[in-house]
Amino acid sequence: MSKLLCKPNTTEISSGVTLVHDVTSENSPLEYVGFKVVDLTPGATYTEELGKVECCIVALTGKITVSDQEVTFENIGTRESVFEKIPTDSVYVSNERKFVVEAVSQARVALCYSQSYQQLPTKLIKAEDNGIENRGKYSNKRLVHNILPDSDPSANSLLVVEVFTESGNWSSYPPHKHDQDNLPHESFLEESYYHEMNPRQGFVFQRVYTDDRSIDETMTVENGDVVLVPAGYHPVAVPDGYESYYLNVMAGPTRIWKFHNEPAHEWILERK
Ligand SMILES: O=C[C@H](O)[C@@H](O)[C@H](O)CC(=O)O
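Residues numbered from 1 in each chain as written. Predicted model: local features only at pLDDT ≥ 70, side-chain atom pairs only at ≥ 80, totals over all residues. Heavy atoms only, no water.

If you check an unreviewed UniProt entry, the protein appears there as 5-deoxy-glucuronate isomerase from Metabacillus rhizolycopersici. The Sequence similarities (unreviewed entry) field of the UniProt record for the protein holds the comment "Belongs to the isomerase IolB family." As recorded by UniProt, the Pathway (unreviewed entry) comment attached to the protein reads in full: "Polyol metabolism; myo-inositol degradation into acetyl-CoA; acetyl-CoA from myo-inositol: step 4/7." (UniProt positions renumbered as here; feature names shortened; annotations may be inferred.)

Here's what the structure looks like:
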């Protein structure tokens, strides 16, 4: 199995708290991006003290209350399934802060991390404040919810976005990359993909590959899997009959999303 594909590894870490994914610089090729998925039963709490990292807490499903000891955001979260395709609530917590997530209902939470050295205010990122985009045409259509885009100055290095791709469509396509610290032409951002499928038994194909093909992995990605993108192009193909969801976390030396399309396939964008 590809080293870029992470299958769910469920571990109960405390009463009512199950860790599903825990991507770190120690167990992955990513240096800038960290990622966790945590399931909580009603009333269960997850507590974390952040070091030199910031965290975007995304209420993937269910209702949660988030506190950083100074502010508390109660009963946030908007959906029981990501495939309701409505934006959800998130909370940004900066470096050297401690936060507590308490489940109001059964909840699945994504914890998105990146490096942070300048403490910023804790902030509720309301669902209604997500920038919504309908991108693409033909069989390249996808719905994008910008949770923490580079236009939002609330974070130091973190970028978070969720993408919904309909049956038989491609996304993160035409293939693009952001693996060169070469602004204004391209930024260097590592990336993680947390995937869900509807119906659950579905799969997508995702290829991660570099110009020199030093990385060239084509993966069958199933519900709940995480794909790591240390470098390279990273298109996703969704089979007929299934819907795809993924949550992207991006981070690198500069908090700018400036990608480079693969020249061989950029013509896709020129179709009328
Ligand atoms: O670099 C960003 C990720 O590849 C996705 O968020 C991608 O941009 C989504 C899309 O536009 O298809």
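So, next bit.
Our focus in this paragraph is the overall build of the protein. The number of helices and strands found in the protein is zero helices and 26 strands. For the protein, whose C-alpha radius of gyration is 18 Å, the value lies close to the compact-globule estimate of 19 Å for 272 residues. Taken over the C-alpha atoms alone, the protein extends approximately 50 × 40 × 35 Å along its principal axes. A sequence separation of at least 24 residues applies to 74% of the contacts in the protein between residues at least 6 apart. (Helix = DSSP H or I, 4+ residues; strand = E, 2+ residues; numbered from the N terminus. Rg over C-alpha atoms; globule rule 2.2 N^0.38 Å. Contact = heavy atoms within 4.5 Å.)

Here we take up the site of the ligand. Around the ligand, a shell composed of 15 residues is seen, among which Arg135, Arg142, Ser172, Tyr193 and Asn248 lie nearest. Between the ligand and His176 there is a distance of 2.9 Å, counted from an oxygen atom to a side-chain nitrogen or oxygen. Separating an oxygen atom of the ligand from a side-chain N or O atom of Tyr193 is a distance of 2.9 Å. Burial of the ligand by the protein chains amounts to 98% of its free accessible area of 320 Å². At the level of secondary structure, the elements contributing two or more residues to the shell around the ligand comprise β15 (159–165), β20 (190–198) and β25 (243–251). (Near = heavy atom within 4 Å. Polar contact = N/O pair within 3.5 Å; in protein donor to acceptor, adjacent residues only side chain to side chain. Areas by Shrake-Rupley, 256 points an atom, 1.4 Å probe, with all protein chains shown as cover.)

Our next topic: the packing of aromatic side chains. Under the counting rule described, the total for this entry stands at nine aromatic pairs. The interplanar angle of 85° and the centroid separation of 5.8 Å between the aromatic rings of Tyr32 and Phe188 together place this pair among those described as edge-to-face. Of this pair, Tyr32 sits in the loop between β3 (17–23) and β4 (33–40) while Phe188 sits in strand β19 (residues 186–188), and the two are 156 residues apart along the sequence. Residue classification places Tyr32 among the partly exposed residues on the basis of a relative accessible area of 23%. An angle of 40° between the planes, with centres 6.3 Å apart, marks the rings of Tyr46 and Phe99 as tilted. With a gap of 53 residues between them, Tyr46 in strand β5 (residues 45–49) and Phe99 in strand β10 (residues 98–103) connect regions that are remote in the sequence. For Tyr46, a relative accessible area of 9% translates into the label buried. In this structure Phe99 comes out as buried when scored by relative accessible area, which is 0%. Here the guanidinium or amino end of Arg207 rests over the ring plane of Tyr209, the centre of that ring lying 3.7 Å away. (Phe/Tyr/Trp six-rings, centres within 6.5 Å; stacked < 30°, edge-to-face > 60°. Buried < 20%, exposed > 50% of the residue type's maximum accessible area, 1.4 Å probe, protein only. Lys NZ or Arg CZ within 6 Å of the ring centre and 35° of its normal.)

Attention now goes to the pairing of strand β11 (residues 107–115). The element β11 is largely enclosed, with a buried count of seven among its nine residues. Pairing geometry for strand β6 (residues 53–61) and β11, over eight bridges, is antiparallel. The partner of Cys56 across the bridge, within β11, is Cys112. (Pairing = 2+ DSSP bridges.)

This part covers the nonpolar core. Ranked by size, the top nonpolar core spans 52 residues in total, and within it Phe35, Cys56, Cys112, Val160 and Leu247 carry the most contacts. No other element matches β25, which puts six residues into this core. Other than its neighbours up to four places away in sequence, Leu247 contacts Phe35, Leu60, Ala110, Cys112, Ile147, Val160, Val161, Glu162, Ser192, Tyr193 and Tyr194. Counting 23 residues, the second largest nonpolar core, distinct from the first, contains Leu50, Phe73, Val101 and Val109. (Core = buried A, V, L, I, M, F, W, Y, C linked by side-chain atoms within 4.5 Å.)

Among all residues except glycine, the phi angle is most often negative; among peptide bonds, the trans geometry is most common. Note that the residue after Tyr173, namely Pro174, is joined by a cis bond; omega there is 0°. In this fold, Pro174 is placed in the loop between β16 (170–171) and β17 (176–177). Across the junction of Asn198 and Pro199, the peptide omega takes the value -5°, indicating a cis bond. Located in the positive-phi region is Asn75, a residue other than glycine, with phi close to 55°. Within the secondary structure layout, Asn75 lies in strand β8 (residues 72–76). Judged by relative accessible area, Asn75 falls into the partly exposed class, the value being 42%. The phi torsion at Glu96 lies on the positive side, around 60°, for a residue other than glycine.

Read from one edge of the open sheet, seven strands run β2-β3-β4-β11-β6-β9-β12, paired in antiparallel fashion. In this open sheet, the two strands that pair with only one neighbour each are β2 (11–14) and β12 (123–125). In this sheet, neighbouring strand axes are inclined to one another by 25° on average, regardless of whether the strands run parallel or antiparallel. Summarising the sheet, strand β9 (residues 90–93) and β12 pair through three bridges and their orientation is antiparallel. Directly across from Ser90, in β12, lies its bridge partner Ile125. (Axes fitted to C-alpha atoms, helices over the stretch in contact; angles between N-to-C directions.)

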